[in-house]
Amino acid sequence: MQQVVQTPGQGPTEYDAIVVGSGISGGWAAKELTEKGLNVLMLERGKNIEHIKDYVSATKAPWQFPHRGGRTVAMEEAYPILKRDYPLNEKNLDWWASDRDSPYTEVKRFDWYRGYHVGGRSLMWGRQSYRHSDIDFTANAKQGVGTDWPIRYAEIAPWYDHVERYSGIAGSRDGLEQLPDGQFQPPIPLNCVEEAAAEKVKAKFGGARRIIHSRTANATLKLPNRYPCQYRDACWLGCPYGAYFSTQSSTLPAAAATKRLTLKPFAIVTEVLYDKDRKRATGVRVLDAVTNQTTDYKAKVVFLCASTINSTWLLLRSATDVWPGGLGSSSGELGHNLMDHHFRVGASGRLDGYDDKTTYGRRPCGFYIPRFRNVGGDKRDYLRGFGYQGSASRDGWSRAVAELGIGGEFKDMAAEPGAWQMGATAFGEMLPDHRNTVTLDKTKTDKWGLPVVALDCQIRENEERMRKDMGPDMAEMLEAAGAKEIHVYNGDYAPGMGIHEMGSARMGTSPKNSVLNKHNQVWDAPNVFVTDGACMTSAACVNPSLTYMALSARAADFAVNALKTRDL
C-alpha cells in the first residue's frame, strides 16, 4: 500500500482536508477529495490493518484456531456487550472495539458493536447494498414524521451510479419502484430451490412479492487490483482477493495512488476546533492513543466519518464554549432521532423434492425480498415496511453428530447432506423519534479520560405493529413455495443489533429542524461535513451503507467546488 502512514504528532500539521474515520464513509471521502486535488489527512483512532498482509485468519481452517473459532469464558468476561451476538468469536476478535477500554452507558439496552481500526466495519460488514427510493426520501414529509429529507432520489441517483460502478455491486435489475436498479455486475446466482421458490411466490402473489438476487458488494467481475468472489464465505476475516468492497481493497489504494493522502492510526480526535468569529472550523485536536500526547491539525474542511454514534459523540464534545450542547446543536436536534433496523423475526421451513440436488462453493449471500407492505395499494395499520434477507441450503454434515454417532449408518449420514431448508429474516424500518438519543455521560470516562456516550433508544408502537406481519408474511411465502414444517419466530431484539445505527445528526431543510443541510454541511460550521450514518433523516428498510458511500462522494464533490469558488 502506497499511502504515507504516520503516528500522531509526526509530519505536517496543516492540510487541505481532514477526514475523521477510515470506514466506508471515510474511505470514500478520502478517495474523492484526494482525486480532486486536495492534500488529505485521514485520522483513525485504532491500529492500522494492511490489505492482505494483516488478514491473518483469512485462509485458516477451523482446526487451526485454538478453540475452533468459538468463544471462551475469558472472552465473554472481557466483552460483556460483544458476547450478546455473533461478533464475539475467536477468528477476528481484535477487529472489534474493546468493551473495557471504550465503555458506554445504556439508559436502555443498545448493542453497540464497533470496529476501531483502519477500515472500520468495512472489513466486517454484511455487504448488502441497496438504494433508497423516492418512496423513502418523501415518506417523512408525506406522513408528518421527523423532518423532510432535503434531497430527492433524482439528486443522489448519479452518485449511486458512481459508487456502484467503482465498488462492484453484484445484483439483478428488477424494475421495482421501491428498490431502484443500479449499475450492477452480474448477480450471484440463486440456487435451484431459491429459483423454484421465486417462481412460485411470484405466481402466488401476482408479482407483489418477489424473491430476487441479493445485491451485494462482492464483485463477480474483475476490477482494478481486485478479483471476483471465490465463494469462500469468509468475508469477515478480510478477503485476500479484494473480492468484497472494503476501504483496504478499494478506496484507500485509490486515495494513496494520488500521493496526497496521509494516514495516522492511533489518532483519537477529541474535538473539532472552531473559530467563533469566522464561524468555521479550523481543524481538530488529536490525542495519541498510545502516548496520550495532544496535537492540533488545521484544515480548510473537516469530514466527520467516524460512524453514526462516534461522529455525534465528537460533535457533542466540540465548540461547547459557543453551544453548550455541542457543535451543530443550535437546532436542538443534535443527538436525537437515533435509529437502527429492527429484525430477529421471520420464518423457516423444509422443502422436499430436491434431495438429488446440492450446491458447489459457499456463496457470500442468498436472496432478498423487497418491501411489499404499504407499497402501491397495500395499506397496513403502521407506517413504512420491511424486506427480507434469506437463503435455502441443505442441512450440514454436523447434524450426524447428534444421531447415532457410531457405525455404518453414522458414516452414511456423515457422507450425505441433509434436507433442504429455506428461511428469511425481516429487516424493518424504525421511525425517527426525538426521544431516541445520544448524550454525554459526564459521570463516566473511557480509557483516555473522555466522557462516554449514553444511549437511550427503543422501538415503539409502530415498529411493534410491523413486527406482527414480519413472521406470518414470510410463512405465507414459504407455504407458497411448498415448504413443510414451517417455523415462525420473533426473537429477542434490542436496538443496535442490526449494526445499522443511523441518525443523531440528521440532514434537513432548515437550521431550525436539522444539524446538516442538503450537502451534509453542519449548519453551524459549513466547512464541517458529516457523511456517515449520523446524517440519515430516515432509515428506510434497506441496508444503508451504499447511501453513505453516495452521500460521501457527493459531499466531497461539493466541498471541492466550494473551495474553488471560495464559498467555504
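Quick summary incoming for the structure in this document. (Residues numbered from 1 in each chain as written. Predicted model: local features only at pLDDT ≥ 70, side-chain atom pairs only at ≥ 80, totals over all residues. Heavy atoms only, no water.)

### Some thoughts on the nonpolar core
Item 1. Counting 106 residues, the largest nonpolar core has Ile156, Leu304, Leu327, Leu455 and Val528 as the members making the most contacts within it.
Item 2. In this view, Leu455 contacts Tyr104, Thr105, Glu106, Val107, Lys108, Phe110, Trp112, Ile309, Leu338, Thr437 and Val438; residues no more than four positions away in its chain are not counted.
Item 3. Grouped together as the second largest cluster of nonpolar side chains are 31 residues, Ala197, Leu351, Tyr354 and Ala392 included. (Core = buried A, V, L, I, M, F, W, Y, C linked by side-chain atoms within 4.5 Å. Buried < 20%, exposed > 50% of the residue type's maximum accessible area, 1.4 Å probe, protein only. Contact = heavy atoms within 4.5 Å.)

### Concerning the packing of helix α4 (residues 153-167) against helix α10 (residues 545-564)
Item 1. The interhelical angle for the contact between α4 and α10, taken along N-to-C directions, is 110°, at an axis separation of 8 Å. One element, α4, and the other, α10, form an angle in the roughly perpendicular class. Residues Glu155, Ile156, Trp159, Tyr160, His162, Val163, Glu164 and Ser167 of α4 form the contact with α10, whose participating residues are Leu546, Thr547, Met549, Ala550, Leu551, Ala553, Arg554 and Asp557.
Item 2. Across the contact of α4 with α10, the residue classes tally to 9 nonpolar, 3 polar and 4 charged. (Axes fitted to C-alpha atoms, helices over the stretch in contact; angles between N-to-C directions. Helix = DSSP H or I, 4+ residues; strand = E, 2+ residues; numbered from the N terminus. Parallel < 35°, antiparallel > 145°, perpendicular 65-115°, else oblique. Nonpolar A, V, L, I, M, F, W, Y, C, P; charged D, E, K, R; others polar.)

### Examining the pattern of salt bridges
Item 1. For the structure shown, the criterion picks out 40 salt bridges.
Item 2. The shortest N-O distance in the salt bridge between Lys53 and Asp54 comes to 3.2 Å.
Item 3. The class of Lys53 is exposed, set by a relative accessible area of 57%.
Item 4. Asp54 gets classed as partly exposed once you look at its relative accessible area, which sits at 21%.
Item 5. A single network of salt bridges, built from pairs that share partners, joins Arg84, Glu106, Arg109, Asp111 and Asp492. (Salt bridge = Lys/Arg side-chain N within 4 Å of Asp/Glu carboxyl O.)

### Looking at the pairing of strand β12 (residues 386-394)
Item 1. Of all 9 residues that make up β12, 7 are buried, and the element is covered over most of its length.
Item 2. Examined bridge by bridge, strand β11 (residues 367-369) and β12 share 3 bridges and lie antiparallel to one another. Note on β12: the bridge partner recorded for Ile369 is Tyr388.
Item 3. Of the pairings in the sheet, the one linking β12 to strand β13 (residues 420-428) comprises 9 bridges and is antiparallel in character. Its bridge partner being in β13, Gln389 is matched across the sheet by Thr425. (Pairing = 2+ DSSP bridges.)

### Section: the sheet that holds strand β14 (residues 437-445)
Strands belonging to one sheet form pairs held by backbone hydrogen bonds; the direction of such a pair is parallel or antiparallel.
Item 1. Within the open sheet, the 3 strands sit side by side as β4-β15-β14. Their pairing is mixed. Of all strands in the sheet, those with a lone pairing partner are β4 (105-106) and β14, marking the two edges.
Item 2. In the sheet, β14 pairs with strand β15 (residues 451-456) via 6 bridges, with the strands oriented antiparallel. Across the sheet, the residue bridging to Thr445 is Pro451, located in β15.
Item 3. Against the sheet, helix α7 (residues 308-316) engages β14 and β15, with an angle of about 65° to β14.

### Comments concerning the side chain of Thr147
Item 1. Structurally, Thr147 can be placed in the loop between α3 (134-143) and α4.
Item 2. Under the relative-accessibility criterion, Thr147 is labelled buried at 9%.
Item 3. Beyond its immediate stretch of four places on either side in the chain, Thr147 contacts Asn140, Arg506, Met507, Asn513 and Thr537.

### Let's talk about the packing of aromatic side chains
Item 1. In this structure the tally under the stated criterion is 16 aromatic pairs.
Item 2. Ring geometry for Phe137 versus Trp149: centroids 5.0 Å apart, planes at 80°, classification edge-to-face. Here Phe137 is found in helix α3, whereas its partner Trp149 is found in the loop between α3 and α4, with 12 residues between them in sequence.
Item 3. Cluster of aromatic residues (ring-pair linked, three or more members): Trp28, Trp125, Tyr166 and Phe245. (Phe/Tyr/Trp six-rings, centres within 6.5 Å; stacked < 30°, edge-to-face > 60°.)

Treat this as a map of the structure, not an account of what it does.
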